[in-house]
Amino acid sequence: MWYSIGRFILQYRLSLLLLLAVVTVFMGWKASQVQLSYDFTRALPTDNQKYKEYQEFLRTFGADANTVVVGIQTDKMYQPAFFNAVSDLHQQLKKINAVTGVLSIPEVVGLRNDSALGKLVSEKLFHPPYNSQAALDSSRQIFETLPFYRSFLYNPQTGSYLMGISVNKDTMNSKSRTRLMNDITRELAGFEKATGTTLYVSGLPYIRTIVGNKIKAEMNWFLIGSLVLSAITLLLFFWSFSTMLMSLLVVGMGVIWSLGTIVLFGYKITLLTALIPPLVVVIGIPNCIYFLNKYHTAYLETKQKEEALITMVGRMGIVTLFCNIAAAIGFAVFALTRSDLLKEFGAVAGINIMALFLISLIFIPAVLSYLPPPKDKHVRYLENRWLKNFLVNIERWAFNHARWIYGITLVVLIFSVMGIFRIKSVGYIVDDLPRSNKIYTDLKWFEKNFRGVMPLEIVVDAKKKKGVMRMKTIQKMEELSAFISEDSATARPLSFVEGLKFARQAYFDGDSNSYSIPTETDLAFMAPYLQSSGNESAASGSKGVAGLLNNYMDSNRQIARISVNMKDIGSARLPELLNKFQVKSNEIFDTASYKVIFTGSSVSFLEGSGFIIRGLKESIAWAFLLISLCMLYLFRSFRILICSLIPNLVPLVITAGVMGWAGIALKPSTVLVFSVALGIAIDVTIRFLINYKQELSYHQHDVAATLVQTIRHTGISILYTSLVLIAGFIIFCWSDFGGTQALGWLTSLTLVVGTLTNLILLPVLILSIAPGEKKK
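Below you will find a few notes about this structure. Nothing here was measured: the structure is a model prediction, and the numbers come from that model. (Residues numbered from 1 in each chain as written. Predicted model: local features only at pLDDT ≥ 70, side-chain atom pairs only at ≥ 80, totals over all residues. Heavy atoms only, no water.)

**Notes on the packing of aromatic side chains**
Geometrically, a pair of aromatic rings is defined through the distance of the ring centres and the angle of the planes. Short version of the rule: Only rings of Phe, Tyr and Trp enter the pairing, Trp through its six-membered ring, and a pair is recorded when the two centres are within 6.5 Å. The plane angle decides the type: under 30 degrees is stacked, over 60 is edge-to-face, the rest tilted. Think of it in three bands: residues with accessible area under 20% of the maximum for their type are buried, residues over 50% are exposed, and the middle band is partly exposed, with areas taken using a 1.4 Å probe on protein chains only. Think of it as a cone above the ring: NZ of Lys or CZ of Arg counts as a charge over the ring if it is within 6 Å of the ring centre and within 35 degrees of the ring normal.
On inspection of all chains with the given rule, the structure shows 31 aromatic pairs. Between Tyr78 and Phe83, the aromatic rings sit 6.0 Å apart at their centres with planes inclined by 25°, giving stacked as the arrangement. Here Phe83 falls in the buried class, since its relative accessible area comes to 0%. Taken together, the ring pairs in this structure connect Tyr78, Phe83, Phe126, Tyr130, Phe143, Phe148, Tyr149, Phe152, Tyr154, Tyr161 and Phe502 into an aromatic cluster. The ring of Tyr370 has Arg13 sitting right over it, with the charged end atom 4.0 Å from the ring centre. Lying across the ring of Tyr552, Arg561 places its NZ or CZ 5.1 Å from the centre.

**What about the environment of Lys30?**
Basically, it comes down to this: Numbering of helices and strands runs from the N terminus; a helix is a DSSP stretch of H or I covering at least four residues, while a strand is a stretch of E covering at least two. What makes two residues a contact is simply this: any of their non-hydrogen atoms within 4.5 Å.
Relative to the helices and strands, Lys30 resides in helix α2 (residues 13-31). When the C-alpha atoms of Lys30 and Trp257 are compared, they prove to be 8.9 Å apart, with 227 residues separating the residues in sequence. For Lys30, the residues in contact, after removing those within four places along its chain, are Gly260, Val263 and Leu264.

**Some thoughts on the sheet that holds strand β8 (residues 454-461)**
Formally: Note on pairing: DSSP must find at least two bridges between two strands before they are called paired. To obtain an axis, a line is fitted to C-alpha atoms, over the contacting stretch when the element is a helix, and the angle between two such axes runs from 0 to 180 degrees between their N-to-C directions.
Spatially, β9-β8-β10 is the arrangement adopted by the three strands of the open sheet, whose pairing is antiparallel. Both edges of this open sheet fall to β9 (559-566) and β10 (595-599), since each of them pairs with a single strand only. Taking the axes of each pair of neighbouring strands and ignoring which way they run, one obtains an average angle of 20° across the sheet. Note: β8 against β10, five bridges, orientation antiparallel. Looking at the pairing, Val459 lines up with Ile597 of β10. Along the sheet face, helix α21 (residues 601-635) touches β8 and β10 and points at about 110° away from the line of β8.

Take it as geometry only, folks, not as evidence of what the structure does.
Next up, the structure:
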């Protein structure tokens, strides 16, 4: 059948090439419409409890992760010139489009008890610009009597100060977020230059934007670099510019089709689907090498170009089909998970790997038919002395040192299994960044001086209207907040209770000793004062106590939030910390009368990372099972199936062991290595075994003679393919992200091990357990 397909392709080559061109142009048009996704909660399925809780929180209170924080550490804060510069920075930041508010010391407000009006009036504490040190000191003295701002806006022990910049959530979920962050950082850079002061910047909007843009830029450069390195390697192997260009056109069309598919399915590019173009290169280059290798081999035997092309399709069509099916299965199983991110990745990757097979099958023989026959220099790689000697040594080891091969494999596996037990599964919001990166060092500065900036939200539902304003509830919330603030991983919580304490201090004429929760009697007298802080507060951009109460309670005053800034402690410690808080919460709040939920961007983000890891693990298991069934159908032999699985398990175990010994944690970026590795390793196995099966009848079922022929012929293309793929992956080692670096060198390691196990261990296994064929 495949020989007939080869004749059909050559007969209708022009029509098929035009069809490919039309489809590629259409896909290119669609690819030009591709958009980036800025939704970071889609890792979780919509029926996940954490997802539901977070969405309910957003409906009640709005976005939680919409603040960029700026830190200053200086002893000049209350010098007029510096203070005025901070005030100017505040005003400039407020003018930026999509900045919804700025909170900093020069613009803070205090509350004054206006007994004549019967209300708490909000007033600005500072009035820049200052020309007098005495006037500034006077305002500072009043400000430092307000415990409300202490540890929120300044840390008196370290001389550190904080500025909060609220940003529009819709802008942060669009491509305009880059413009917004650039505008903010431009103003901050101007301040640094003018004052000679270093600013520290963090917050989830800032981190996500900068890291996301950096990953996007790296992926673009690495895709280009991977193609360039692959092109150079192909040129060095085949000494043919047309052959190199043809191979690049194959993977180029595959990349365009993959991006077009994303748009056709209504998807956007995520951090996972952004990996599909490099994966297309990974799958497409081997297709080209194996087709070309078989074409050159057949041409040397027949010296007839058309016959060689038909033989190429006839012999390699079935091989490449099953290799691509196996690779497609390895990724398509992600579509069986409940995560939208994994579903989209699996569907697009699986479909386009099969599309890549069609492109290779049609484009390569059709284009080669228009090109002149290969010259001697183009097939010289088949006679490479170094590779031939290497394959002869492999052949010698396979036939004469089986015990040594089994022994070495067993020792390496034992050592690897020991390493596997050392693997930890942990992820961080600021993950993979080098310790010297400014994003990382700035975050650590905030953790040291303000105990972090990552948002944790605690929702207290009193289950009845006005329930959170009962004295009993206020006391319980204060007790939980005090417990949380004692932990070194969390900052002092902010809730409407802090607003009540602030109001009580103002009610008692600013006495700092009065900063405490009101009594029942206090609340009765303060009630009229809490209704409004006066219209004059609008000038300062504050809504006073009434605004604080409204921001931290729902309209029915049944549900209240406690906002906590925390350190980026990672997915391993976070459940322990939340469990600790949950246990204390259960002690404080009667579960029959209250419902307390821990949520927020930090919880959702890390929960999503854990869900992706679990989904990838399950998908790899399903992929291995389905690929095994595919192999069983292909070879119709359980013994051959065992022979095929072992050389693919060994590289995965060794890679996992190396991860354990090297201290590389399991996270989405590193778990993905196993999917890529499985697809690559099984590809080599299928090509080796199908070639073995095809050659077996030519050698009268002589296993030894067939293995010699398979190692020498298929071994060359396997080695060349591995070298090209290593060249394509090794470039990832120059990434600034640890996960991307690991993807590069771990995949390269897996390629090396997979090549060796399929060329050395697989023949030994066939010799040992082949189903009764004749052996020498």
